[in-house]
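Read off the chains here:
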Amino acid sequence: MTTEKAVAHHWRKFKERYGLVGSKCDSCNSYFFPTSTICPKCRRKGNVKEHSFSGKGKVFSHTTIRVAPEGFEAYAPYVIAIIELDEGAKVVSQVVDCKPEDVKIGMPVEVCFRKIREEGKSGLVLYGFKFKPVL
Amino acid sequence: MNRDVAIVGVGMTKFGEHWKKGLKELITEAGVKAVEDAGISGKDIQLIVGGSMSSGMFVGQEHTGALFTDYLGLSPVPAIRTEAACASSSVALTTGTMAVQSGRYDCVVVGGVEKMTDVYGNLATTALAGAMDRDNEAHFGLTFPGVYALMAQRHMHQYGTTREQIAMVAVKNHENAMHNPNAQFHRKICVESVLKSALVSDPLRLLDCSPIADGAAALILVPAEHAKKYTDTPIYIRASSQASDTLSLYMRPDITTVGATISAVQNAYKQSGLKPEDIHFAEVHDCFTINEIIASEDLGFCKKGEGGRLVQSGETAIGGKIPINPSGGLKAKGHPVGATGAAQAVEIVEQLRGEAGGRQVKGAENGLAHNVGGSGSTVVVHMLSRNRK
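Bear in mind that the values here come from a model prediction, so they are computed numbers and not experimental data.

(A) Region of the structure containing the domain arrangement of chain B. Residue and element names in this part refer to chain B. Entries for chain B in the domain assignment read domain 1 (5-121 + 212-229) and domain 2 (123-211 + 237-385). Measuring from the centre of the C-alpha atoms in domain 1 to the corresponding centre in domain 2 gives 22 Å. Between domain 1 and domain 2, the residue contacts involve 47 residues of the former and 42 residues of the latter. Contact with domain 2 buries surface across domain 1, with Phe15, Cys86 and Ile212 losing the most and accounting together for 20% of the total. Seen at the junction of domain 1 and domain 2, the total is one salt bridge.

Rendered as structure tokens:
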């Protein structure tokens, strides 16, 4: 068993993963990630548009993964956090460029572009966003 | 509700590493035990509903509905497979309950199975990660211990829950499992051993995590008005309730609570007419220790944020005000994911019949089962009772 996927599976998510693009509902003024065609609050009365997040936010919660899943073994231990973006939406991401013990709830962070993982020996090399402390 | 539903037979395998048993042997053992316990024969069975989370990834086998019927030698009885991650077999129980309530079926076998130990290395972790949002959580390297660690971190931050209090859940559940012959672990642990075990995902350590296991469990459902034909001590399903939430943890406004637990339990209290103080014990989803603390709050056994102090007070031990996980819970009884919900119901039936031996909750008349899929994306609550009304 493997987690390798067809190229199209990742290709269609490039905008979200490379540019931190999500959605904004103009009816209720709420933001969410990833992109969605339906606003969970307004449903069909919503007016959902694409939104490029500023990439600035704060750590909402965090943990250090020490037992890594397939494809992430080489990165362990690594920090995974829920980031609350300045616009109000939240995302899950790794926090890098700091020691695990330096990550605290409320810490300001900003987005950066990094390698995420390799899909096996012959699969794709996946890139996307991670977050780092604001210096 | 239309017809009231009763459980007249239960059966389960021991939970743990079953090197000599595959899906077939596990299903057959639990199914035959339940059928014999009810005193029915194969020709009485009209429908099978069986839960399995990920037999495809664990053993490469799908189509487990027909498989259940085949293995039990019951063809052409129709079968439904239910899947809701770790709540798969509780959804089998809600589905089977609906089938009897509706009047369409008079004798239904419900159950669940998982064979998890046939995969090597971290493939089990990868399979389990399918219960979260693969593209937006697992993609970044999040694991299930990680999901619950994020919840624990917030709970400690918001309510001052201590690392020691979280560890006490594991200590209590290991103590309870000492008296459960079907439990995976028969080994007492102490707070210090939890705090010294290897870090898996900070702040959670190895002894905060439920183990990978193999196992199966099954129950026989009939209309309440037929129940006395089969047994002198039918156990009645007073509430059968299910709720959903976002697949991703990060999308929820508050991660110190599981919204679907609150939705499901409120509906269950309404269905049954019972109140939190009428519940004499509960089997709750302690896949990770922190989740028992969160569940004890969300189910109404204490105020929000008081779950750590509740376990510390000893009131959730057998003999306390509200014993939680007398079976040993997922932590010490074991957690073969697709079998867990059905096994919780089996434990409650044994307790209510007074057959739980050294872990018996004395005088228990009403018990609650709380089963979570993923990070709380599916929650199922059942309330079972010795009393029909």
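Picking up after the structure, the text goes on.
(B) Representation of the packing of helix H7 (residues 163-177) of chain B against helix H10 (residues 289-298) of chain B. Residues and elements named next belong to chain B. Close contact between H7 and H10 brings their axes to 8 Å; oriented N to C, the two are set at 100°. One way to sum up the angle between H7 and H10 is to call them roughly perpendicular. Contacts between H7 and H10 involve Gln165, Ile166, Val169, Ala170, Lys172 and Asn173 on the former and, on the latter, Thr289, Ile290, Glu292 and Ile293.

(C) The arrangement of the interface of chain B and chain A in detail. In this assembly, 31 residues from chain B lie in contact with 35 residues from chain A. Buried surface at the junction of chain B and chain A, both sides included, amounts to about 2900 Å², of which 61% is carbon and sulfur. If you look at where chain B meets chain A, you find three salt bridges. Of the charged contacts in the structure, one is a salt bridge between Lys13(A) and Asp135(B), with a shortest N-O distance of 3.1 Å. At the boundary of chain B and chain A, one finds 18 residue pairs in polar contact (both at pLDDT 80 or more).

(D) Expanded view of the pattern of salt bridges. Residue and element names in this part refer to chain B. The final tally for this structure, using the stated rule, is 30 salt bridges over all chains. Where Glu29 meets Lys21, a salt bridge forms, and the shortest distance between an N and an O atom there is 2.9 Å. Residue Glu347 is joined to Arg359 by a salt bridge in which the shortest nitrogen-to-oxygen separation is 2.8 Å. Placement of the pair is Glu347 in helix H13 (residues 340-353) and Arg359 in the loop between H13 and strand S10 (366-373), with a sequence separation of twelve residues. The two residues Glu347 and Arg359 agree in class, both being buried.

(E) Up close: the sheet that holds strand S1 (residues 5-12) of chain B. Residue and element names in this part refer to chain B. Spatially, S3-S2-S4-S7-S1-S8-S11-S10-S9 is the arrangement adopted by the nine strands of the open sheet, whose pairing is mixed. At either end of the open sheet lies a strand with only one pairing partner, and these are strand S3 (79-82) and strand S9 (281-283). When the angles between neighbouring strand axes are averaged without regard to direction, this sheet yields 25°. Taken together, the three bridges between S1 and strand S8 (residues 235-244) define a ladder with antiparallel strand orientation. From the neighbouring strand, Val5 faces S8, where its bridge partner is Ile237.

Criteria and thresholds
- Residues numbered from 1 in each chain as written.
- Chains lettered and ligands numbered in written order.
- Predicted model: local features only at pLDDT ≥ 70, side-chain atom pairs only at ≥ 80, totals over all residues.
- Heavy atoms only, no water.
- Domains from an automatic or database assignment.
- Contact = heavy atoms within 4.5 Å.
- Buried area = accessible area lost by both parts, 1.4 Å probe.
- Salt bridge = Lys/Arg side-chain N within 4 Å of Asp/Glu carboxyl O.
- Axes fitted to C-alpha atoms, helices over the stretch in contact; angles between N-to-C directions.
- Helix = DSSP H or I, 4+ residues; strand = E, 2+ residues; numbered from the N terminus.
- Parallel < 35°, antiparallel > 145°, perpendicular 65-115°, else oblique.
- Polar contact = N/O pair within 3.5 Å; in protein donor to acceptor, adjacent residues only side chain to side chain.
- Buried < 20%, exposed > 50% of the residue type's maximum accessible area, 1.4 Å probe, protein only.
- Pairing = 2+ DSSP bridges.

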